[in-house]
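As a plain string of letters, each chain reads:
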Amino acid sequence: MEDKIERINTYNDKRFDPEILKQHGAFLVNEKFVCQFQIFQRTCAVVTWEGNIDLEALIKEFRFYAEHVTKFYDRNYHLLREYPAISLFRIPLWKIQPSQFYVDMDKTKALKPMIRKPEDIIIPINSFGTRYISLDGHTRLYLAVQKGFEYVSCFFTEDNEICLKFAKEAQRRRVFAPTDLILLPHEEYLIRWVGFCDQFFQRNN
């Protein structure tokens with residue numbers, strides 16, 4: 001029987017280290033086992049877990065959200081798994097077309113202390129003409145603008161047709177770059193962004 005793996009997306013879960021929650025490295029397996037990923041040196045993570053779980057499946061789930069992390073260690077820094085390295089490179093902010101329109105004020109406040117330099121921001125992208133689509137990390141892109149960064153780190157990942165459609169919708173709404181992202185209070189973000197996503201997937205099922 002496969003493990004049930006749930007990613008924890010809140011910032012106030014006492015079962016997990018607060019810094020792990022901010023890195024989105026908190027997972028619950030089979031509704032009871034606490035598992036955590038602590039990223040360091042940008043492409044490495046220390047894994048801690050409870051219970052007799054499928055570690056391979058857990059790491060695969062984590063890498064769905066953080067593909068650039070390729071080396072995984074136990075708490076004593078013994079190598080557990082290593083995957084092919086992902087090439088990271090810099091891109092000027094103005095070359096990035098968001099696939100999202102809004103960012104969440106609560107999430108922005110939680111992540112802000114973790115973003116100190118441009119290298120702290122790593123974004124998955126696809127090509128978009130002479131520019132690039134950001135598939136994730138829009139809160140980090142918003143913070144990059146707020147902190148006056150000129151570039152962020154990126155890596156290419158598989159093409160995503162849904163994000164392409166979202167990017168075109170973003171342009172229709174005059175969101176052409178991270179400087180155009182709109183900050184919303186959490187409740188309004190749920191209504192305007194999460195609500196938009198729900199309606200989109202209902203129409204396209």
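Please refer to the structure placed before this passage.
Calculation criteria
- Residues numbered from 1 in each chain as written.
- Predicted model: local features only at pLDDT ≥ 70, side-chain atom pairs only at ≥ 80, totals over all residues.
- Heavy atoms only, no water.
- Core = buried A, V, L, I, M, F, W, Y, C linked by side-chain atoms within 4.5 Å.
- Buried < 20%, exposed > 50% of the residue type's maximum accessible area, 1.4 Å probe, protein only.
- Helix = DSSP H or I, 4+ residues; strand = E, 2+ residues; numbered from the N terminus.
- Contact = heavy atoms within 4.5 Å.
- Expected span 1.5 Å × (residues − 1).
- Arc of directions from axis to C-beta.
- Polar contact = N/O pair within 3.5 Å; in protein donor to acceptor, adjacent residues only side chain to side chain.
- Salt bridge = Lys/Arg side-chain N within 4 Å of Asp/Glu carboxyl O.
- Axes fitted to C-alpha atoms, helices over the stretch in contact; angles between N-to-C directions.
- Parallel < 35°, antiparallel > 145°, perpendicular 65-115°, else oblique.
- Left-handed = near helix turned anticlockwise from the far one by under 90°.
- Nonpolar A, V, L, I, M, F, W, Y, C, P; charged D, E, K, R; others polar.

Membership of the largest hydrophobic core comes to 30 residues, with the highest contact counts inside it found for V152 and W193. Only β9 (102-104), β10 (122-128), α4 (138-146), β12 (151-156), α5 (161-172) and α6 (186-203) provide two or more residues apiece to this core. The greatest single-element share of this core, amounting to five residues, is contributed by α6. Once you skip the residues sitting within four places of it in the chain, V152 turns out to touch F89, R90, I91, L93, I96, P118, I121, I123, L141 and A144. In terms of nonpolar packing, the next biggest core, distinct from the first, is built from 15 residues, V47, L55, F62 and F72 among them.

Now for α5. Along its twelve residues, α5 runs 17 Å from first to last C-alpha, staying within 8% of the 16 Å computed at 1.5 Å per residue. For α5, the set of buried residues is C163, F166, A167, E169 and A170. Summarising the axial view, the buried residues of α5 lie within an arc of 165°, below the 170-degree limit, and thus occupy one face. In α5, the exposed residues that point more than 90 degrees away from the buried face are E161, K168 and R172. Contact partners of the buried residues in α5: β8 (96-98), β11 (131-134) and α6. A distance of 3.0 Å separates the backbone nitrogen of I162 from a side-chain oxygen at the start of α5, and that oxygen is part of N160.

On to the pattern of salt bridges. Enumeration according to the criterion identifies ten salt bridges in this entry. The partner of E82 in a salt bridge is K71, with the nearest N and O atoms 3.9 Å apart. Placement of E82 in strand β6 (residues 79-82) and of K71 in strand β5 (residues 71-73) is noted, with a sequence separation of eleven residues between them. Taking relative accessible area as the criterion, K71 reaches 30% and is therefore assigned partly exposed. The salt bridge partner of E169 is R172, with a shortest N-O separation of 2.7 Å.

Let's shift gears to the packing of α5 against α6. Where α5 contacts α6, the two axes come as close as 13 Å, and the packing angle between them is 125°. With respect to α6, the axis of α5 lies oblique. Crossing handedness for the pair α5 and α6: right-handed. Here I162, K165, F166 and E169 of α5 come into contact with α6, specifically with W193, F196, C197, F200 and F201. Of the residues contributing to the contact of α5 with α6, the split by class is seven nonpolar, no polar and two charged.

This part covers unusual backbone geometry. Working note: non-glycine residues mostly have negative phi, and peptide bonds are mostly trans. Positive phi, close to 50°, is recorded for Q41, a residue that is not glycine. Position of Q41 relative to the elements: it lies in the loop between β3 (33-40) and β4 (44-48). Phi is positive for R174, which is not a glycine, with a value near 65°.

Turning our attention to the environment of R192. Considering the arrangement of structural elements, one finds R192 in helix α6. Under the relative-accessibility criterion, R192 is labelled partly exposed at 37%. With 53 residues separating them in the primary sequence, R192 and T139 have C-alpha atoms 16 Å apart. Excluding residues within four positions of it along the chain, R192 makes contact with Y102 and L184. Here Y102 takes part through its side chain, which lies 3.1 Å from a polar atom of the side chain of R192.

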